[in-house]
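These are the residues of each chain, in order.
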Amino acid sequence: MSGEGNGNNEDDKSLEGLRQLIRMLAVKSGIDEAMADDLFDLLLTVDPEKGISDEEVEQMKGYKQADVRKVFRIFYDLRIASYRRGKHPDTGATRYYWYLDSRDADLALLRRKKQVLEKLKMRLEYERSNEFYVCPKDGTRYTFDYAYEYQFTCQKCGTMLVPEDNSNYIRVLENRISRLEEEIKRDERQIFGH
């Protein structure tokens, strides 16, 4: 991963964010997240000039080639892994040699951060444009329209709802958005050099 002049802390955060994304996508695809994590660690050590085939991974790690290919496909779809075609030394059959491309990994993380930023901005707009009421008993939160429709009583327990001051939550969202925007700018400077 890139990160010249940033210190290991920033690289560690980026790497951990990428790991979390990989684990989530593995679980969604019905793949063991520990295996996905292990294969990511393995690819981090692979020389990009040589790459590693799914057959070699099977021999080293004992994972089925089909499962290895599924995980590598997740990496490829995230644009963090690439492959080159080669020939099996004995059979001459086509083989794919996989490796991580740190620039592609940085771009994948940047895209993910931008997606999170958009979701945070949407949430901020929602919080700013609504008035909320909350149940003092169970903490259930309602928009004004919903509370009004049910005469300001909690639908779970029947307790009268009270107005909620969401200004602290709005400040937290604004701070997160600001930090993430700065992080994205820094990442873009590192990746694109502006």
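The rules behind the values
- Residues numbered from 1 in each chain as written.
- Predicted model: local features only at pLDDT ≥ 70, side-chain atom pairs only at ≥ 80, totals over all residues.
- Heavy atoms only, no water.
- Helix = DSSP H or I, 4+ residues; strand = E, 2+ residues; numbered from the N terminus.
- Buried < 20%, exposed > 50% of the residue type's maximum accessible area, 1.4 Å probe, protein only.
- Salt bridge = Lys/Arg side-chain N within 4 Å of Asp/Glu carboxyl O.
- Core = buried A, V, L, I, M, F, W, Y, C linked by side-chain atoms within 4.5 Å.
- Pairing = 2+ DSSP bridges.
- Expected span 1.5 Å × (residues − 1).
- Arc of directions from axis to C-beta.
- Axes fitted to C-alpha atoms, helices over the stretch in contact; angles between N-to-C directions.
- Parallel < 35°, antiparallel > 145°, perpendicular 65-115°, else oblique.
- Left-handed = near helix turned anticlockwise from the far one by under 90°.
- Contact = heavy atoms within 4.5 Å.
- Nonpolar A, V, L, I, M, F, W, Y, C, P; charged D, E, K, R; others polar.

What to know about the side chain of Thr-140
Turning to step 1, where the next piece is worked out: Within the secondary structure, Thr-140 sits in the loop between strand 3 (132-134) and strand 4 (141-143).
Turning to step 2, where the next piece is worked out: Residue Thr-140 is classed as buried on the basis of its relative accessible area of 16%.

Considering the pattern of salt bridges
Turning to step 1, where the next piece is worked out: Tallied over the entire structure, the rule returns 16 salt bridges.
Turning to step 2, where the next piece is worked out: For the salt bridge of Glu-183 with Lys-113, the shortest nitrogen-to-oxygen distance reads 2.7 Å. You can see Glu-183 sitting in helix 7 (residues 167-192) and its partner Lys-113 sitting in helix 5 (residues 102-129), a full 70 residues away along the chain.
Turning to step 3, where the next piece is worked out: Accessibility expressed as a relative area gives 25% for Glu-183, which makes it partly exposed.
Turning to step 4, where the next piece is worked out: For Lys-113, a relative accessible area of 11% corresponds to the buried category.
Turning to step 5, where the next piece is worked out: Glu-127 is paired through a salt bridge with Arg-123; the nearest N and O atoms lie 2.8 Å apart. Here the residue Glu-127 and the residue Arg-123 both occupy positions in helix 5, the gap between them amounting to 4 residues, near one helical turn.
Turning to step 6, where the next piece is worked out: A single network of salt bridges, built from pairs that share partners, joins Arg-19, Arg-23, Asp-37 and Asp-41.

Looking at the nonpolar core
Turning to step 1, where the next piece is worked out: Counting 26 residues, the largest nonpolar core has Ile-22, Leu-39, Leu-43, Phe-72, Phe-75 and Ile-80 as its most contacted members.
Turning to step 2, where the next piece is worked out: Looking at this core, the elements with two or more residues in it are helix 1 (8-28), helix 2 (33-45), helix 4 (65-77), strand 2 (94-100) and helix 5.
Turning to step 3, where the next piece is worked out: It is helix 2 that provides the largest number of residues to this core, a total of 6 residues.
Turning to step 4, where the next piece is worked out: Grouped together as the second largest cluster of nonpolar side chains are 11 residues, Leu-107, Leu-173, Ile-177 and Ile-191 included.

Section: the pairing of strand 2
Turning to step 1, where the next piece is worked out: The buried count for strand 2 comes to 5 of 7 residues, which makes it a mostly enclosed element.
Turning to step 2, where the next piece is worked out: As judged from the 7 bridges shared by strand 1 (residues 81-87) and strand 2, these two strands associate in the antiparallel manner. From the neighbouring strand, Tyr-83 faces strand 2, where its bridge partner is Trp-98.
Turning to step 3, where the next piece is worked out: Between strand 1 and the antiparallel strand that follows it, strand 2, lie 6 residues; Gly-92 among them carries a positive phi value of about 80 degrees.

Thoughts on helix 4
Every α-helix carries 3.6 residues per turn, so stepping three or four residues along brings you back to the same face.
Turning to step 1, where the next piece is worked out: The end-to-end C-alpha separation of helix 4 is 18 Å, in line with the 18 Å expected for 13 residues at 1.5 Å each.
Turning to step 2, where the next piece is worked out: Along helix 4, the positions that sit buried rather than exposed are Val-68, Val-71, Phe-72, Ile-74 and Phe-75. For helix 4, the angular spread of buried residues about the axis comes to 150 degrees, placing them on one side.
Turning to step 3, where the next piece is worked out: Looking one or two residues beyond helix 4, the residue adopting positive phi is Arg-79, at roughly 65 degrees.

Structural notes on the packing of helix 2 against helix 4
Turning to step 1, where the next piece is worked out: Contact pair helix 2 / helix 4: the axes reach a minimum separation of 10 Å and the direction vectors enclose 70 degrees. Between helix 2 and helix 4, the interaxial angle falls into the category roughly perpendicular. Note that helix 2 runs across helix 4; the crossing there is right-handed. Packed against helix 2, whose contacting residues are Met-35, Ala-36, Leu-39, Phe-40 and Leu-43, the element helix 4 presents Asp-67, Val-68, Val-71, Phe-72 and Phe-75 at the interface.
Turning to step 2, where the next piece is worked out: Of the residues that constitute the contact of helix 2 with helix 4, the class distribution is 9 nonpolar, no polar and 1 charged.

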